[in-house]
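Now for the letters of each chain:
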Amino acid sequence: MCKFYFFAHYAISRYAIALLAVMIVFSNYEAQAKIIDFADHNLQEPITGTVTSKKDGMPLAGANIVVKGTQTATSTDFDGNYTLDASEGSILVVSYIGFATQEIPVGNEKVINITLEEDTNALEEIVLIGYGKQKAGDVTSAVANVKAENFNKGQLTDAGQLIQGKVAGLAVTNSNGDPTATSSIKLRGNNTLYGAYSDPLVLIDGIPGALNTVAPEDIETIDVLKDGSAAAIYGVRGTNGVVLITTKKATGAKINTIEYSGYVSTAKIARKLDFLSAEQFRELYPKSDLGANTDWLDEITRTPITHVHNVTLRGGNSQTNYIANINYNSQQGIFLKSDNQTFRGRLEVNHKMFDDKLHLRFSLLGRENKYTSTGAGDSFRPWIYYQSMRYNPTAPIKNEDGSWYQNTSKLGYENPLSLIKESDGNVKTSEMRYVGTITYTPIEALTINGNFSLRREPSTNGYSETLNHISNLRDGFAGYSNIGGYTDTDRQMELTATYDKDLEDHEFSVLLGYSYLSNEKEKYSMNNYGFQDDYFGGWHNIGVGNALQRGFAGMNSEKLKTNLISFFSRATYSYKDKYLLMASIRHEGASQFWGTNNAWGTFPAASIGWKITNENFMNDQNLFNEIKLRIGYGVTGSQPEDPFLGIAMLEYGDYAYVNGQWVRTIVPGSNPNPNLKWEEKRETNIGLDFSLKNGRLSGSIDAYKRNVVGLLYSYKVPMPPYLYPTIMANGGNMINRGIEVLINTTPIETEDFSWNSTITYSVNDNKLKSLNGSVFKTDNDYFEEGSVGYEGQVASSHRVQVGYPIGNFYGFKVTDVDQDGKWVYEDANGDKVAYDDFNHAPEDRHYIGNGIPKWYAGFNNTFRYKKLDLTVNMRGAFNFQIINEARMNFEGTQNGYRDNRLTSVTDKVFGKTTLSPEVQAEYNSYYVEDGDYWKIDNIALGYTIDKFNTEIIKSIRVYGSVNNAFTITGYNGIDPEVNTSGLTPGVDRREKFPTVTTFTLGLSARF
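Keep in mind it's a predicted model, so treat the numbers as computed, not measured. All chains use their own residue numbering, which begins from 1 and follows the written sequence. Local features in this predicted model are restricted to residues of pLDDT 70 or higher, and side-chain atom pairs are both shown and tallied only at a pLDDT of 80 or more, whereas totals for entire chains, interfaces and linings draw on every residue. Side-chain measures here rest on the full set of heavy atoms in the structure, leaving out hydrogens and waters.

Enquirer: Give a description of the overall build of the chain that names residues and reports values.
Expert: Here a strand is any run of E in DSSP of at least two residues, a helix any run of H or I of at least four, and the numbering for each starts at the N terminus. Helix and strand counts for the chain come out as 10 helices and 52 strands. A compact globule built from 1007 residues would reach a C-alpha radius of gyration of about 30 Å, and the chain, at 33 Å, matches this within 12%. Burial status across the chain gives 51% buried among its 1007 residues. Sequence separation of 24 or more characterises 69% of the internal contacts of the chain that already satisfy a separation of 6 or more. Working definition of accessibility: Shrake-Rupley area with a 1.4 Å probe, residue cover restricted to the visible protein chains. Of the roughly 46700 Å² of accessible surface on the chain, 55% is carried by carbon and sulfur atoms. Neither His nor the chain ends is counted toward charge; the positive residues are Lys and Arg and the negative residues Asp and Glu. A charge is said to be at NZ when it belongs to Lys, at CZ for Arg, at CG for Asp and at CD for Glu. Positive and negative charge centroids in the chain, built from 94 and 115 side chains respectively, lie 2 Å apart. Two things to know: the radius of gyration comes from C-alpha atoms, and the globule rule equals 2.2 Å times the number of residues to the power 0.38. For every residue, the accessible area obtained with a 1.4 Å probe (protein chains only) is divided by the maximum for its type, and the residue is called buried under 20%, exposed over 50%, and partly exposed between those limits. Every residue pair with non-hydrogen atoms within 4.5 Å of one another is taken to be in contact.

Given below as C-alpha cells:
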C-alpha cells in the first residue's frame, strides 16, 4: 500500500510539474504575442467604461459601440459596461435604440464613460411589422408598439392585461374574476358571422400562441398590426389583426446577470349585488322562513392569497449567449377551491459563427397548468355562485343530523356549499414548444431565415361527486364521475429570404417566404356513475361504476386535422427618406376548402407614406419634428371552421331493424358546395403620424373602412333536390368604419420630476349590408342568435339583421307600469298595450339596445419624482347597453320558488309602484341598462434603489398596486365590463364569476 501511494504521488507530482511548466511557457508566449500585437497595431491598453442614460442614470444594456471605419465593435453588458480595443485618435460610434447616436473621440484615457440622450423623435424607434423589423418613421401601416416599461403593473395573468387601454382600437376585456380566465381581445369590430377566426392572431417570437402562453414578466415588447396593409402578410390568420409578442433576450458582450421579480396579492369582490338579508327575507316572505341566518356568498368565498415568482438568468457573450426564465404563479380565486397554479419555463440559446454570418437560435418553452374543478364543466363555478345568490338566506347549512340541508323538490335548487364540499376534480394542461431558427447572411444585404417549431399540448381532466352530492340524493346518480382530455399539436415551418439595399437616395427591401402550418387535435371523454362508495370509485377508477354495465355510461372521442400552406412576398421602398412604399402579396391554401374550386386564395396589400417634414418647404418651420401621411389598402381572408364543407358528407342517423338486428343508418350529413370560397376583408386605412416640440407631443390618427365580402352563412335549401336541409355558402357583406387617435405628451419634465401621459380614443361603426349571395338566398333578412335565462325559462336575446349593426338586443319593449304594477308594452305598431291584453307575439318585439360599445377611451399617466414613480391608468367604454340577467331573475316580486331577491325588489318601477306579483318573469327592455363606464383601472406606486455598497445588487424596486380600483358607472350590475365579442355581446350573465379588485405588493431586483 505504501509503495503504491508513493508511486501514485510521485507520478501525479511529475505530471503537475510538467503541466505547470507548459502553462508558464504558454503564458509567456501569450504575453509576448500581446506585446507584439500592441506594437504592430499601435494600440494602447483596452478602453473600458459604462454607457448610461442621461435622463435617469440607468445603465444601457446592449448598446452598440463601433470604432468608426473599422469592423471592431462590441456591446455593453447588462450593467452597461464595455471593453474595446481602440487606437488613440480613433472615434467611437455609440448607438442604442431610442437614444441619439454619439461619436466620441479617443484620446490617451483608459476609461471613457458615455452618457446618451433619449432621441426625442419617437418615430425612429424600431417596430415589428411581421417577418421583420422597420423604423417606426418608415412604417406606412397602422402599427402600435408598447414596451415593457409602459406595461400595466400588478397582478396580471396574461399579455392582454399588460396593454389594456394602451392601444387605440384594441378592446381588451376582463369580464370576470375567474383565476383561470384569460383576456378577450377584439380589434376594429366584428368581421365575420361563421368564419374560423374572430380574434387577432397572437404570435410569440413568430410562433402562434395565446395571450397566456408566456409569462407577463417575460415579455419585452408587444406590437399590434391593426390595418389590412400591415396584417395581410399573415393572410387568413391576420384577418382580425395581429399581436406580436417579443420575449426578453440576451444581448451584449459580457452577460452574467440575474433578475428576480415577485409579488404577493389578495383580492375582494369589486362590487356585490345587494340581496335580502335573512331578516329582510323573512319579513317579506314569512311563509318561507326556515329559521336560520345564512350569508351564502360569505360561506363559499374567502380572502385569497396569490404569489408569483419570476427569475431570469442571462449568460454568455456576444457570440454565444442564453436567457433562461422560470415563472411560478400560484393564484387563489375568491371562491373556495378556485385555485390555479401555473409553472412556466423558457430557455433560449443563441450562437453566432462564421464571422457572424450564421446565427443559430434554439428555444424551449414549457408550461404546466393545474386548477381545481368543482363541476363537470368550466361553467360550474359560476353555477355555484348563482346558487349562493338565489338560495334562501333563512335556510340552514346543515340539518341537525349533520347532513346537508337540501330541497330536492325544486328544480336546479342546490345548496352551494355542498356543491363545493361534495365534489373533487382538477384540470391539468401541459405545453411544450420547441423552436429552432437558422439565420444565414451570405452577403451583407441578404438574409436567409428558417424557422421550425413544434408545439404539443396535452390536457387531462377528471371530476367526481360523492354519494352525499345532490346529484345522488335527487337524481340517483351515485358518485357521478367523468374524465376527459385532448392533445393539441401544431407544426410549423417558415422559410424567408430578405434582401436589403441602400443606394444613396434609394432604400429598398424584398422579402420572399414560404409557410407550412398544420394542426392536429384529438379529444376524448367518458362518464359513469353508480358507485357503491366514495373510496374505491370516482374519476380515478371510473370503470367500477355500474352505469357502464347497464349501458348508461357515456363515451366520446374525435379527431380533427387541418393545415395551411402559404407563399408570400413583400417589398418596401424609400426615396430620399420622403416617399415610402410597402407592398405584399400572400397566396395560401387551407384544408377546410378541400374538394372546392377555390382552395387557394390570394391576398394583396399596399401602402404608401409621405414624410412631409422632410420636404424643402418645411425647412424653415420649427414646430413639427415629424409629420407623416399614410394610406394603405389590404385584403385578408377567413375560412370556415369546419372542414370538408365543399363535399358531400355522411353521418349516422336513426336505428333500423335489418336482418334481425338494430343497426345505425347512414344518412347525408351535408350538401356539397364546390364553389365555396374564402371570406375577404378589404380594408382601407388613412393615417397621420406627428411629433412636435421635440417630442413633447406626438401621436397618430387613423381612419379606416373594412368591407367584408362573401360572408360564410348556412342557407336553408329545399329537399329535394338537395339531400340535406342546409348548405354552407358565401353570401352578403359587412362594413366596419372607424377612427383611432393616440396622443403621447410630456406636460412636465424637469431634472427631478416628469409627467408622461398617453390618451387613446377609438370609435367603430358596424353594419351588416347583406346576407344573400349570388346563388343562395335567405327566407328573411335576419336571424336570431343567443339567449337569456330567467326563472327556469329561456328567450332569444339578439337579432342579426341586414341594415343594422351586429350586437342588437331584440325583445319586448315596456314603456310604463299601470296603477296595479303591471307592464305597459309597445306593440309592433307602436301602440301602448296593457299587460293583460298583450299577446307576447314574436312580431311585437323591438330593438331594445346594442351590446357593443361605440367608442373606447384611455388615459394613462406616469409621474416620476427622483426615484419614486406613480402610474395611474384609466379607460372606459361608452354608448352601449347591457342585459342585466341578475335583475331579470331576482327583482320580480313573484316568488313561487321562494328564491332570494335583490333589495331592489321593493323599489318603485318607473318611480310609480312596485311590480305586481302577478307579473311573470320575462326578458324585456326594463332589464336593459346603459353600460357606459370609466375605470380607474391600475394604480401603481414604486420606489427604485440603485446605489449599493456592494457590486452584487445592482438595483431594487419595490411597489404596491391596485387593479380594478374604481368604476364610475350608472349600471346596476356587479361590473359593466362584460363580454362584447361575437354575435351575442353585452349580456351580464346572472351566474358570471364576479370581478375582483386586487391589491399587490411586489419587488424586483437585478444582480
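Enquirer: An account of the sheet that holds strand β1 (residues 47-53) is requested, with residue identities and associated values reported.
Expert: With mixed pairing, three strands are arranged side by side in an open sheet as β4-β1-β7. At either end of the open sheet lies a strand with only one pairing partner, and these are β4 (81-84) and β7 (114-116). Put simply, the sheet's adjacent strands are angled 30° from each other on average, direction ignored. When DSSP finds two or more bridges between two strands, those strands count as paired. To obtain an axis, a line is fitted to C-alpha atoms, over the contacting stretch when the element is a helix, and the angle between two such axes runs from 0 to 180 degrees between their N-to-C directions.

Enquirer: Which residues make up a positive patch on the surface, and what values do they have?
Expert: Patches draw on residues past 30% relative accessible area with no salt bridge. Two like charges within 9 Å are joined, as are two nonpolar side chains (Val, Leu, Ile, Met, Phe, Trp, Tyr) within 5 Å. Salt bridges are defined as contacts in which a side-chain nitrogen from Lys or Arg sits within 4 Å of a carboxyl oxygen from Asp or Glu. On the surface, Lys705, Arg737, Lys767 and Lys769 cluster together into a patch of positive charge. Its place among the elements puts Arg737 in strand β36 (residues 733-749).

Enquirer: Break down the sheet that holds strand β42 (residues 823-826) for me, citing the residues and quoting the values.
Expert: Across the sheet, which stays open at both edges, the three strands sit in the order β41-β42-β43 with antiparallel pairing between neighbours. Unpaired on one side and paired on the other, β41 (813-817) and β43 (832-834) mark the two borders of the sheet. In this sheet, neighbouring strand axes are inclined to one another by 40° on average, regardless of whether the strands run parallel or antiparallel. Pairing between β42 and β43: three bridges, direction antiparallel. If you follow Val824 over to β43, its bridge partner there is Ala834.

Enquirer: Let's hear about the pattern of salt bridges: which residues, and what values?
Expert: This model, assessed by the stated rule, comprises 55 salt bridges. Between Glu348 and Arg346 there is a salt bridge whose closest N-O contact spans 3.4 Å. The residues Glu348 and Arg346 share a single accessibility class, namely buried. The residue Asp689 makes a salt bridge to Arg630 at a minimum N-O spacing of 2.9 Å.

Enquirer: Now, about a negative patch on the surface: what can you tell me, with residues and values included?
Expert: Judged by side-chain charge, Asp500, Asp502, Glu504, Asp505 and Glu507 come together as a negatively charged surface patch. Take Asp505: it is sitting in the loop between β24 (481-503) and β25 (506-528). The class of Asp505 is partly exposed, set by a relative accessible area of 35%.

Enquirer: Can you lay out the side chain of Asn369 for me, pointing to particular residues and giving the numbers?
Expert: Looking at where Asn369 falls in the secondary structure, it is placed in strand β21 (residues 358-372). Residue classification places Asn369 among the buried residues on the basis of a relative accessible area of 10%. A distance of 2.6 Å separates the side chain of Asn369 from the side chain of Asn340, its partner in a polar contact. With sequence-adjacent residues up to four places away left out, Asn369 is seen in contact with Asn340, Gln341, Thr342, Val427, Lys428 and Thr429. Within 3.5 Å is the distance limit for a polar contact, defined as a pair of N or O atoms, with the added protein rule that one can donate a hydrogen and the other accept it, and that residues adjacent in sequence qualify only through two side-chain atoms.

Enquirer: Quick rundown of the pairing of strand β40 (residues 808-811)? Include the residues and the values.
Expert: The alternating pattern of β40 places Asn808 and Tyr810 on one face and Phe809 and Gly811 on the opposite face, and all of these are buried. Both β40 and strand β44 (residues 846-850) contribute to a ladder of four bridges, which runs antiparallel. From the neighbouring strand, Asn808 faces β44, where its bridge partner is Asn850.

Enquirer: Give a detailed account of the confidence of the model for the chain, specifying residues and quantitative values.
Expert: Put simply, the chain has an average pLDDT of 88, and 93% of its residues get 70 or more. The score called pLDDT rates the predictor's confidence residue by residue, from a low of 0 to a high of 100. Residue range residues 1-43 is modelled with pLDDT below 50. Its contacts to residues more than four positions away, or to other chains, number nine contacts.

Enquirer: Which residues make up the packing of aromatic side chains, and what are the values?
Expert: Note on aromatic pairs: the rings of Phe, Tyr and Trp (six-membered ring only in Trp) are paired at centre separations within 6.5 Å, and the planes decide the class, stacked below 30 degrees, edge-to-face beyond 60, tilted for the rest. The full count for this structure, using the stated rule, is 39 aromatic pairs. Taken together, a centroid distance of 6.5 Å and an interplanar angle of 80° make the contact between Phe812 and Tyr825 edge-to-face. Residue Phe812 is found in the loop between β40 and β41, and its partner Tyr825 is found in strand β42; the two are separated by 13 residues along the sequence. Note on accessibility: Phe812 and Tyr825 belong to one class, buried. Here Trp823 and Tyr927 contribute two aromatic rings whose centre-to-centre distance is 6.3 Å and whose plane-to-plane angle is 85°, an arrangement assigned as edge-to-face. Pair noted here: Trp823 is in strand β42 and Tyr927 is in the loop between α10 (885-890) and β48 (928-930), with a separation of 104 residues, a long-range link.

Enquirer: Which residues make up the pairing of strand β50 (residues 955-969), and what values go with them?
Expert: Residues in a regular strand point their side chains to alternate faces of the sheet. Note that strand β49 (residues 933-945) and β50 share 12 bridges and pair antiparallel. The residue of β50 that forms the bridge with Trp934 is Ile968. Pairing of β50 with strand β52 (residues 996-1006), which is carried by nine bridges, proceeds in the antiparallel orientation. Bridge assignment links Arg957 to a residue of β52, and that residue is Ser1004.

Enquirer: Outline a nonpolar patch on the surface, listing residues and values.
Expert: Together, Ile258, Leu313, Tyr322, Leu347, Val349, Ile952 and Phe1007 line one region of the surface with nonpolar side chains, adding up to about 550 Å² of accessible area. Following the sequence through the fold, Tyr322 ends up in strand β19 (residues 320-332).

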